[in-house]
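# Coordinate inspection notes
Here are the chains, one letter per residue:
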Amino acid sequence: MSSLPTKDYNLVLLDKLQANPNLTEIGCANELNCSLAAEGYARANGVSACVVTFSVGALSAFNGTGSAYAENLALILISGSPNTNDASQFHLLHHTLGTTDYSYQLEMAKKITCCAPCYIEIPTNLSGAECVRPGPISAVTDPVTSDKAALEAAANCAAEYLSGKLKPVILVGPKLRRAGDGAEESLLKLAEAMGCAVAVQPAAKGMFPEDHKQFVGIFWGTVSTDAADSIVHWADALLCVGTSFTDYSTVGWTAMPDIPLMAAEMDHVTFPGAHFSRVRLGEFLSHLATQVKYNNSTMIEHNRLKPDPVLVHTPAPGDELTRKEISRQVQALLGSKTTLFVETGDSWFNGIQLKLPQGAQFEIEMAWGHIGWSIPAAFGYALRHPDRKTIVMIGDGSFQVTAQEVSQMVRFNLPITILLVNNRGYTIEVEIHDGSYNKIKNWNYALLVHAFNGEDGNAKGLSAKTAGELEDAIKVATENTQGPTLIECSIDQDDCSRELITWGHFVATANARPPRVSGG
Ligand SMILES: C/C(NCc1cnc(C)nc1N)=C(/S)[C@H](O)COP(=O)(O)OP(=O)(O)O
Ligand SMILES: [Mg+2]
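Computed from a prediction, not measured in an experiment: that's the story for all the values here.

### Here's the deal with the UniProt feature "domain: Thiamine pyrophosphate enzyme TPP-binding" (unreviewed entry) in the chain
As annotated in UniProt, the feature "domain: Thiamine pyrophosphate enzyme TPP-binding" (unreviewed entry) corresponds to residues 361–489 in the numbering used here. Note that residues 361–489 is 40% helix and 21% strand, and that its end C-alpha atoms are spaced 23 Å apart.

Printed below as a string of structure tokens:
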């Protein structure tokens, strides 16, 4: 539960929430970070709540709420609001637009909340009022089950559809995990029953085990890993599970699969010419696993065409630090209890290339893509998962947006390791479309962390300009169990991944499409 220090519209509300022994209040430095921390908490916990003050608070929190909506995460946004007498007394109030219409916030919230994020507004003079006891929580939390007949029909139709195909591939998307109800386990069962290749969209990295023998890589068009694009394009049937085809995930629409898609969504299944509603994803996948025939033709082909392992160069300790060396050293950090957050920027491409060992988790915000997300989100996530080692890869531009939340990591003694890649500006934007607006003021990032320590913090701030300095800094980070460790990794501005340059080119081309003339 993330909330802001007390503010007049939600003073009593916070007191009431604090009185509930089952709730823990976690303060954040501002409402943007509060909402993004709640988004990160929801990734770990399944649901989270964010409590803010009216208007000046809520409008900032709308950003993290929008992220939760776009990323299909359950976040409850709770906002204090004016005294119920004010409207009828035509009062002009602080923190508002200066009119007597206070409904604008609710109208805006309606656009970014639905069954995933939801919105509750509580007038300041009702926070302590008696209210009807809420109904059984099971009405909200119990899993929704499929319509039995639709489930049966969908699985039979899918099994028959697949039995007529020679080269089936499964493509996993980011909504698989969000479906809950054991959908990831059901997918594993189905994949092993089919024996086929399993490719994963970038925003779903980690949702299918990468150490599994049927994992064939990240399907991301021309910037795929392990030639996953070849096997996806070789397939004659693509079973899309929770997929999301956006301009970013299709590399500016250059990687849309060109065969009819069979799509299994969170609550419905579609094939060419058929649609089955009220079919829950987890139930569909596990039921289909009992109907399908084994056909490993795409695995046999993948094993023929997959690239040989890449020889990773290990530089001398005194060598200038590079993007590749940062990735090599982060790779060595990943293990069954680590969760890696990768921020919008070249960190996406560097993170996607890493191999996840058994149990390692991966978090990315590719749909909403709000730079700075990973700092508050990792903070929220780590609160829920003290049992895991949380690592963040973030660029300098992104860090400047939400840096204050490192002070909350200090406050709650969270041993998060932050690898801040300082390439002096917005490199992703430089590669898409350069201009003076991609330059930023450089900070002394390592020193900033000492400021966040105040008189009692345990955070460490280090900088690395060579491979050896990074090795040493990572050792310090690994040993610092009482607080965050930020390592500023300085690299050349143009030291970026080839995938970023290729992807940026196609996304920029897609952005630049001329307006369509009607009738044209
Ligand atoms: C400005 C922007 N995107 C536009 C943008 C602007 N504002 C918000 C909130 N979110 C966004 N994605 C992006 S990706 C920067 O290149 C990020 O820079 P940095 O963190 O330094 O990473 P790289 O250097 O690797 O690109
Ligand atoms: Mg940068």
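### Some remarks on the coordination of the magnesium ion (ligand 2)
The protein atoms that coordinate the magnesium ion (ligand 2) are Asp396 (OD), Asn423 (OD1) and Gly425 (O), at distances spanning 2.1 Å. One chain supplies every donor for the magnesium ion (ligand 2), spaced along it as D-x26-N-x1-G. With Asp396 in helix H15 (residues 396–402) and Gly425 in the loop between strand S16 (417–422) and helix H17 (427–432), this residue pair connects regions lying 29 residues apart in the sequence. Comparing Asp396 with Gly425, the two get one shared label, buried.

### Considering the environment of Asp247
Within the secondary structure layout, Asp247 lies in the loop between strand S9 (237–241) and strand S10 (261–264). Sequence separation between Asp247 and Gly397 is 150 residues; the distance between their C-alpha atoms is 22 Å.

### Examining helix H18 (residues 445–453)
Every α-helical turn comprises 3.6 residues, leaving residues that sit three or four positions apart pointing alike. Listed in full, the buried residues belonging to H18 are Tyr445, Ala446, Val449 and Asn453. Projected down its long axis, H18 shows its buried positions confined to an angular sector of 110°, all on one face. Among the exposed residues of H18, those pointing more than 90 degrees away from its buried face are Leu447 and Ala451. Where H18 is buried, its residues meet H15, helix H16 (406–411), S16, strand S17 (460–464) and strand S18 (485–490).

### Looking at the nonpolar core
Generally speaking, a soluble globular protein has its nonpolar side chains buried in company with each other. Counting residues in each nonpolar core, the largest one holds 76 residues, and the members touching the most others are Ile170, Val172, Phe284, Leu288 and Trp503. With seven residues, helix H6 (residues 148–163) is the largest single contributor of residues to this core. Discounting chain neighbours no more than four positions away, the residues touching Leu288 are Ala155, Ala158, Ala159, Leu162, Leu190, Leu239 and Met262.

### Side note on the site of ligand 1
By nearness alone, 16 residues border ligand 1, and Asp346, Asp396, Ser398, Ile428 and Glu429 come closest of all. Residue Asp396 places a side-chain N or O atom 2.8 Å away from an oxygen atom belonging to ligand 1. At 2.9 Å from an oxygen atom of ligand 1 is found a main-chain nitrogen or oxygen belonging to Gly425. Within the complex, 78% of the 580 Å² of free accessible area of ligand 1 lies under protein. Of all elements in the fold, only H15 and H17 reach the threshold of two or more residues within the shell around ligand 1. Split into classes, the residues belonging to the shell around ligand 1 amount to three nonpolar, 10 polar and three charged.

### Regarding the UniProt feature "domain: Thiamine pyrophosphate enzyme N-terminal TPP-binding" (unreviewed entry) in the chain
Under the UniProt annotation, the feature "domain: Thiamine pyrophosphate enzyme N-terminal TPP-binding" (unreviewed entry) is placed at residues 9–94. Between the C-alpha atoms that bound residues 9–94 there is a distance of 10 Å. The span itself is 42% helix and 19% strand.

### Observations concerning the state of the cysteines
Taken as a whole, this structure holds zero disulfides when the rule is applied. In this structure Cys496 is not part of a disulfide, and its nearest cysteine sulfur, from Cys489, lies 16 Å away.

### Concerning the side chain of Ser249
Within the element layout of this structure, Ser249 appears in the loop between S9 and S10. Only 2.9 Å separates the side chain of Ser249 from the backbone oxygen of Ser244, close enough to count as a polar contact. Within the structure, the side chain of Ser249 is placed 2.8 Å from the backbone nitrogen of Thr246, a separation counted as a polar contact. In this structure Ser249 touches Gln201, Trp220 and Ser244, once residues within four positions along its chain are discounted.

### A closer look at the sheet that holds strand S13 (residues 338–342)
Taken in spatial order, the six strands line up as S14-S13-S15-S16-S18-S17 in an open sheet, and their pairing is parallel. Every interior strand has two partners, whereas the edge strands, strand S14 (361–364) and S17, have only one. When strand polarity is set aside, the average angle formed by the axes of neighbouring strands in this sheet is 15°. Sheet strands in contact with H18 are S16, S17 and S18, and its direction is about 180° off that of S17.

### A word on the sheet that holds S10
Strands pair in a sheet through their backbones, by hydrogen bonds, and they do so in one of two ways: parallel or antiparallel. Strand order in this open sheet of seven strands is S8-S7-S6-S9-S10-S11-S12, and the pairing throughout is mixed. Of all the strands in the sheet, just strand S8 (215–218) and strand S12 (274–277) have a single pairing partner and so form its edges. The mean inter-strand angle of the sheet, taken between neighbouring strand axes irrespective of direction, is 15°. With two bridges joining them, strand S7 (residues 197–200) and S8 adopt parallel strand pairing. Paired with Val200 across the two strands is Ile218, which belongs to S8. Across the face of the sheet, helix H8 (residues 183–194) comes into contact with strand S6 (168–172), S7 and S9 while running at roughly 165° to S6.

Thresholds, definitions, all that
Residues numbered from 1 in each chain as written. Chains lettered and ligands numbered in written order. Predicted model: local features only at pLDDT ≥ 70, side-chain atom pairs only at ≥ 80, totals over all residues. Heavy atoms only, no water. UniProt positions renumbered as here; feature names shortened; annotations may be inferred. Helix = DSSP H or I, 4+ residues; strand = E, 2+ residues; numbered from the N terminus. Donors = N, O, S within 2.8 Å, 3.2 Å for Na, K, Ca; no water. Buried < 20%, exposed > 50% of the residue type's maximum accessible area, 1.4 Å probe, protein only. Arc of directions from axis to C-beta. Contact = heavy atoms within 4.5 Å. Core = buried A, V, L, I, M, F, W, Y, C linked by side-chain atoms within 4.5 Å. Near = heavy atom within 4 Å. Polar contact = N/O pair within 3.5 Å; in protein donor to acceptor, adjacent residues only side chain to side chain. Areas by Shrake-Rupley, 256 points an atom, 1.4 Å probe, with all protein chains shown as cover. Nonpolar A, V, L, I, M, F, W, Y, C, P; charged D, E, K, R; others polar. Disulfide = S-S within 2.5 Å. Pairing = 2+ DSSP bridges. Axes fitted to C-alpha atoms, helices over the stretch in contact; angles between N-to-C directions.

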